[in-house]
Structures are given as structure tokens and as C-alpha cells.
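# Chains, contacts and geometry: an overview
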Amino acid sequence: MKYNEAMATDKEDWTNAVEEEHDRMISNNVWHPVKLSDLPKDTKILTTTWACKLKSNSRKRERLNAHGYEQVDGIHYDESSIHAPVTNETSVRTVMVLALMAGWTGLINDVQGAFLKGKLDPENEKMAMKVPQGFEHHHKKNE
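Residues numbered from 1 in each chain as written. Predicted model: local features only at pLDDT ≥ 70, side-chain atom pairs only at ≥ 80, totals over all residues. Heavy atoms only, no water.

## Overview of the pattern of salt bridges
Under the criterion given, the structure shown has six salt bridges. Between aspartate 13 and lysine 60 there is a salt bridge, with the nearest N and O atoms lying 3.7 Å from each other. Highlighted residues: aspartate 13 in helix H2 (residues 11–27) and lysine 60 in strand E3 (residues 60–66), separated in sequence by 47 residues. You can call lysine 60 buried: its relative accessible area is 16%. In this structure, glutamate 21 and arginine 24 form a salt bridge, with 3.1 Å as the shortest nitrogen-oxygen distance. Residue glutamate 21 and its partner arginine 24 are located together in helix H2, separated by three residues, close to a single helical turn. A single burial state applies to glutamate 21 and to arginine 24, both of which are buried. Connected via shared salt-bridge partners are Asp10, Asp13 and Lys60. (Salt bridge = Lys/Arg side-chain N within 4 Å of Asp/Glu carboxyl O. Helix = DSSP H or I, 4+ residues; strand = E, 2+ residues; numbered from the N terminus. Buried < 20%, exposed > 50% of the residue type's maximum accessible area, 1.4 Å probe, protein only.)

## Here we look at the pairing of strand E2 (residues 48–54)
Note that E2 and E3 share seven bridges and pair antiparallel. In the strand pairing of E3, alanine 51 is matched with arginine 63. The antiparallel pairing of E2 with E3 creates a hairpin that spans five residues between the two strands, and serine 58 there sits at a positive phi of about 70 degrees. (Pairing = 2+ DSSP bridges.)

## Quick look at a nonpolar patch on the surface
There is a patch of nonpolar side chains on the surface, built from Val97, Leu98 and Met101 and spanning about 330 Å² of accessible area. Of note, leucine 98 is situated in helix H3 (residues 89–102). (Patch = residues over 30% accessible without salt bridge, like charges linked within 9 Å, V, L, I, M, F, W, Y side chains within 5 Å. Areas by Shrake-Rupley, 256 points an atom, 1.4 Å probe, with all protein chains shown as cover.)

## Brief notes about unusual backbone geometry
As a rule of thumb, non-glycine residues mostly have phi less than zero, and peptide bonds are mostly trans rather than cis. The phi angle at serine 58 is positive, at roughly 70 degrees, despite the residue not being glycine. In this structure, serine 58 sits in the loop between E2 and E3. Judged by relative accessible area, serine 58 falls into the exposed class, the value being 53%.

## Description of the side chain of arginine 61
Along the polypeptide, arginine 61 turns up in strand E3. We note that arginine 61 is buried and unpaired, the nearest opposite charge coming from glutamate 20 at a distance of 4.0 Å. (Lys, Arg positive; Asp, Glu negative; His and termini not counted.)

Here it is in C-alpha cells:
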């Protein structure tokens, strides 16, 4: 569901979901606000979109996604430095079967937010992100 569609259905709950995502990003130092006038001329300004989802437990979840396709390899990032530690279903099932065979017990946790933290080279990888829809009131002074 798109941001505007979500806000048209239940604005208060979706706004709370946006605020939760904003708070997670701030607490994880995902970005720091800067004025557009302070950015170097060659800085790439990424746009974003919201992924709005109504979970099976009726909880509303918002995820902010940067438009990474706006970046160019060799200019905005180095392809050789990209690494995303992920797993697949077969690996998870194998570990679960081995744990059951060994008689181990496990705990299940719900991760509220996961952030990939990469290091940008400030000399060669100049990037910024436009203030996302719904965050404008947090960052008005930085425009």
C-alpha cells in the first residue's frame, strides 16, 4: 500500500507507525539532518518511498526505502564493498532439524527494525536523502 492510500484509511495509526520508524532511524543513527545549502554541488540526493503493510495481527508497519537504483556503481558506491549477510530458508530449516535432533531448545524473537550499516567514503561517496514524506515536521529547519 502506498503512503497516501494508508493515510487515507486510518491516519492516526499509520502516523504512529511512521513515527516509530522515524524513532528507530534516529536511535540507530541512520542519518543526521543537514541543510541543502550546506551540501556540496556533486552530492547525490536520493528519494525514498514508503512500504506500508497491515500485518496479520492488525499492526501497521511502515518501512522507508531509499531508491538505490538512483545510484551509479563507481560514483556513488563501490560494488566490491557491498555485502549483505542474509540466510535462506534451506539453511534455517537445516539448523532447526539439527537443533531438534540434538534436543536443543530455542527462542523466537520479533525484530522491530534491521538496518544495514555501511561505511561511506566522504571524499568519493557524497550522498544525501530527501526528507521522507511524513517526516517534514521533524526536519523543517534543515531545508
